[in-house]
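Commentary on secondary and tertiary structure
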Amino acid sequence: LETLKSAALDVEHALTSTPGTREVISSAQADTAEYAITINRAQAASLRISPMQIAQPLRTAIYGTEATKIKKGNEEISVMVKVDLNSNFKTPHDTIKTNTDTIMNLPIQTPRGTVLLGSLITVNLDSASDVIIHEDQKRIITVTSQLAPGAYAADVTSAFQAKANDIRLPDGVAMKIGGENEDVNQSFKDMFIALILGVILILIVLIVEFNQYRQSL
């Protein structure tokens, strides 16, 4: 994904510098940030605790664990138990509004005693995509632009294509030019197919009318 983002950034710069473009936007700009938690497996093994035993308390702290159910009429209500990660919470949903320090200080039971979660994990801030777009089961990033006043799509496309030829795409990454240019090309393709079908239908009618192929020509 990082290779795809890097290639998309090169395309974005090329499109931005192309005369006749404005408001260049890449779908990669919609990325957000998220915390990625990695378990130190060597440290966990030395304390004789499995990754699952580490993940379960963390999941309980954030998502909660169903303790029981209360039946009210025909409806069953789940009772969830969570760790209080926010002492200033006002609603149950506020209990998970906390910081990484609180997460790192969660106690974890091991066969060798209680340790802090922070001694078993590392926390990093990584980028994450809200939506990963796929086309034909392949990940894609779209880079789009509006036309500047007085600019024509064909001229802008030709100018961008000249710049795009100088972009070195990584292995496994391909670029496809779409938008209005693609619509125009598709229209010509559809017209050509319709023309061929029209000629074939006319020949069929003439052959049926004259009962002979030579006379119909």
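Higher on the page you've got the structure.
Residues numbered from 1 in each chain as written. Predicted model: local features only at pLDDT ≥ 70, side-chain atom pairs only at ≥ 80, totals over all residues. Heavy atoms only, no water.

This part covers the pattern of salt bridges. Under the criterion given, the structure shown has two salt bridges. Across the pair Arg-22 and Glu-23 runs a salt bridge, and its minimum N-O distance is 2.7 Å. Exposure remark for Arg-22: the relative accessible area of 35% places this residue in the partly exposed category. In this structure, Lys-69 engages Glu-66 in a salt bridge whose closest nitrogen and oxygen atoms are separated by 3.4 Å. (Salt bridge = Lys/Arg side-chain N within 4 Å of Asp/Glu carboxyl O. Buried < 20%, exposed > 50% of the residue type's maximum accessible area, 1.4 Å probe, protein only.)

The next thing to look at is the pairing of strand 3 (residues 65–72). The side chains of a regular strand alternate between the sheet's two faces. Looking at chain direction, strand 3 and strand 4 (residues 75–81) are connected through seven bridges and run antiparallel. Bridge pairing in strand 4 places Ile-70 opposite Ile-77. Taking the residues that link successive antiparallel strands as the turn, the strand 3-strand 4 hairpin has two residues, and the phi of Gly-73 there is positive, at about 70°. (Pairing = 2+ DSSP bridges. Helix = DSSP H or I, 4+ residues; strand = E, 2+ residues; numbered from the N terminus.)

What follows deals with a nonpolar patch on the surface. There is a patch of nonpolar side chains on the surface, built from Phe-192, Ile-193, Ile-196, Leu-197, Ile-200, Leu-201, Ile-204 and Val-208 and spanning about 760 Å² of accessible area. Take Ile-200: it is sitting in helix 6 (residues 180–210). By relative accessible area, Ile-200 is classed as partly exposed at 42%. (Patch = residues over 30% accessible without salt bridge, like charges linked within 9 Å, V, L, I, M, F, W, Y side chains within 5 Å. Areas by Shrake-Rupley, 256 points an atom, 1.4 Å probe, with all protein chains shown as cover.)

Structurally, Thr-21 can be placed in strand 1 (residues 21–26). In terms of polar contacts, Thr-21 uses its side chain to reach the backbone carbonyl oxygen of Leu-15, at 2.9 Å. In this structure Thr-21 touches Leu-15, Thr-16, Ser-145, Gln-146, Ala-148 and Val-156, once residues within four positions along its chain are discounted. (Polar contact = N/O pair within 3.5 Å; in protein donor to acceptor, adjacent residues only side chain to side chain. Contact = heavy atoms within 4.5 Å.)

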